[in-house]
Structure formats: C-alpha cells, structure tokens
Amino acid sequence: MASTRNNKAEQAYLTLAQFAFQTGLHGRKIRESSAPFHTHFLTLDPEGQKAMRVEYIVGHLEGQGYSAEDAAWIAAASRTERAREDQQAYDRARGDFAYHVERKERDAAKGGKANKTEQFELPAEIAALAQALVSAVREYDLDDAGLKAMAAQAVAAAFAAK
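Counting restarts for each chain: residues are numbered from 1 in the order of the written sequence. Totals for whole chains, interfaces and linings use all residues, but because this is a predicted model, local features are given only for residues with pLDDT of at least 70 and pairs of side-chain atoms are given and counted only at 80 or more. To get the side-chain values, take all heavy atoms of the structure and skip hydrogens and water.

## Section: the pattern of salt bridges
Argument step 1. One speaks of a salt bridge when a side-chain nitrogen belonging to Lys or Arg is within 4 Å of a carboxyl oxygen belonging to Asp or Glu. Using the criterion set out here, one finds three salt bridges in the structure.
Argument step 2. Among the salt bridges present, the one from Arg-28 reaches Glu-32, with a minimum N-O distance of 3.4 Å. Of this pair, Arg-28 and Glu-32 both sit in helix α1 (residues 16-33), four residues apart, roughly one helical turn.
Argument step 3. Only protein chains enter the accessibility calculation, which uses a 1.4 Å probe; a residue is then buried when its area is under 20% of its type maximum, exposed when over 50%, and partly exposed in between. Taking relative accessible area as the criterion, Arg-28 reaches 43% and is therefore assigned partly exposed.
Argument step 4. With a shortest N-O distance of 3.0 Å, Glu-102 and Arg-94 are connected by a salt bridge. Under the DSSP-based scheme used, a helix requires at least four consecutive residues in state H or I and a strand at least two consecutive residues in state E, with every element numbered from the N terminus.

Put into structure tokens, the structure is as follows:
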C-alpha cells in the first residue's frame, strides 16, 4: 500500500494583510486605467451617459457570472422586479460605475466629504475659459443639466482645438 504524505508544509498561505495589499493595489490600478472612460463620460449628454452606464452594468454583471441575457434583463429591470441577489449584484455594478467612471464629487453641504483636489496654477488660456464659463453660468442662470452640457461642450471644444 502506498504511503500518503502530509503536504501541509508545501501549501501556500495568504495573510489578510497580503490579501488587503493586493486588493488595494489592483483597485488603484483599475481606478487609474478608468480615467479615459471618465473623461469620455463627461463629454456625453444625459442620454449618452445613461447608455454608457447600462453598457458598463451589463458587462459588470456578466463578469459576476450572469449570462448576457440575464445581465441585460437585470440592468433594464426596476428595483422591485429584481430578486434580492440580483439587486445586490446590480448595486455592486452601479457602485463600481459610480466610483470608476462617474466619479461624482460628494457635496460637503449635504454631509458628505468633498474630494480634495490639488491646487495648481492653470495656464492662462484655461483660466480664461474657466472665467468665461463662470460668466455664462451667471448670465444664463443654468440648471445642473445645462451647466453640465455647457461644460462638456467647452471641454470638447478645447480638446478639439489642440
């Protein structure tokens, strides 16, 4: 009869600290690589942003193990139509989209913490563009959607001029 060998010494163990490090490392790399999607998202009108959000959510759900058909259904369904586990999967996908692509700033006035941005000196032409945007917002008293549309057009025009 063949003898069995205790191979516990050969097993590799991953500590919680190592797991946390790898999670943080990969999360940071994913966040950095999502910057072009965020930039593109900002140039879209609300309908384009919605389409991008749905595309991301469907892909994320597929990555979580759902079939393409089920993922599309979950993305299109209302909260009350989804099963609890499907809603949790949807919420994970939606949360990742918000973090990686939308990157909404929290409103400090509503109790959230505002994201800190580094202060730096803008080139003169960008500072002038920013001041023109401020003036236009004051002159036309735009709502949030109008403001976002105007800012997106200004950014797109600035990049097109390069």
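## What about the side chain of Glu-102?
Argument step 1. Along the chain, Glu-102 falls in helix α5 (residues 84-102).
Argument step 2. Two N or O atoms count as a polar contact when they lie within 3.5 Å, although within protein this holds only if one can serve as hydrogen donor and the other as acceptor, and sequence-adjacent residues are included solely when both atoms are side-chain atoms. Among the polar contacts made by the side chain of Glu-102, one reaches the side chain of Arg-53 at a distance of 3.1 Å.
Argument step 3. Only heavy atoms enter the contact rule, under which two residues are in contact if any of them lie within 4.5 Å. Setting aside anything within four residues of it in sequence, one finds Glu-102 in contact with His-38, Phe-41, Arg-53, Arg-94 and Phe-97.

## As for unusual backbone geometry
Argument step 1. One non-glycine residue, Arg-103, adopts positive backbone phi at about 55 degrees.
Argument step 2. With respect to the helices, strands and loops of the structure, Arg-103 is situated in the loop between α5 and α6 (124-140).

## Digging into the packing of helix α2 (residues 35-43) against helix α3 (residues 46-63)
Argument step 1. Following both chains from N to C, one finds α2 and α3 inclined at 145 degrees, their axes separated by 8 Å at the closest point. Together, Phe-37, His-40, Phe-41 and Leu-42 of α2 and Gln-49, Met-52 and Arg-53 of α3 make up the contact between the two elements.
Argument step 2. The nonpolar class holds Ala, Val, Leu, Ile, Met, Phe, Trp, Tyr, Cys and Pro. Asp, Glu, Lys and Arg form the charged class, and all remaining residues, Gly among them, are polar. Considered class by class, the residues forming the contact of α2 with α3 number four nonpolar, two polar and one charged. Every axis corresponds to a line fitted to the C-alpha atoms, with the helix fit spanning only the stretch in contact, and the corresponding angles, defined between N-to-C directions, vary from 0 to 180 degrees.

## Focus: helix α4 (residues 68-76)
Argument step 1. All of the buried residues along α4 are Ala-71, Ile-74 and Ala-75. Buried residues of α4, viewed axially, fall in a sector of 100 degrees; they line one side. Exposed and oriented more than 90 degrees from the buried face of α4 are Glu-69 and Ala-76.
Argument step 2. Residues of α4 that are buried make contact with α3 and α5. When we speak of the arc, we mean the arc of directions from the helix axis to the C-beta atoms.

## What about a nonpolar patch on the surface?
Argument step 1. A grouping of Leu-14, Leu-16 and Phe-19 is seen on the molecular surface, where their side chains present a nonpolar patch of about 370 Å² in accessible area.
Argument step 2. In this fold, Phe-19 is placed in helix α1. Exposure above 30% relative accessible area and the absence of a salt bridge qualify a residue for a patch, where like charges join within 9 Å and nonpolar side chains (Val, Leu, Ile, Met, Phe, Trp, Tyr) within 5 Å. A 1.4 Å probe and the Shrake-Rupley method give the accessible areas. Residues count as covered only by the protein chains that appear here.

## Re the packing of α3 against α5
Argument step 1. Between α3 and α5, the least distance of the axes is 9 Å, while the angle of their chain directions is 125 degrees. Taken together, the axis directions place α3 and α5 in an arrangement best described as oblique. Note on packing geometry: the crossing formed by α3 with α5 is right-handed. Residues Met-52, Arg-53, Tyr-56, Ile-57, His-60 and Leu-61 of α3 touch α5, and the partners they reach there are Ala-89, Tyr-90, Arg-92, Ala-93, Arg-94, Asp-96, Phe-97, His-100, Val-101 and Glu-102.
Argument step 2. Split by residue class, the contact of α3 with α5 holds nine nonpolar, two polar and five charged. Our angle categories are set so that under 35 degrees counts as roughly parallel, over 145 as roughly antiparallel, 65 to 115 as roughly perpendicular, and the remainder as oblique. In this scheme, a crossing is called left-handed if the near helix is turned counterclockwise away from the far one by less than a right angle; it is called right-handed if the turn is clockwise.

## Looking at the side chain of His-38
Argument step 1. Residue placement: His-38 occurs in helix α2.
Argument step 2. Within the structure, the side chain of His-38 is placed 2.6 Å from the backbone oxygen of Val-101, a separation counted as a polar contact.
Argument step 3. In this structure, His-38 is in contact with His-100, Val-101, Glu-102 and Arg-103, ignoring residues within four places of it in sequence.

That's the geometry; what it means functionally is another story.
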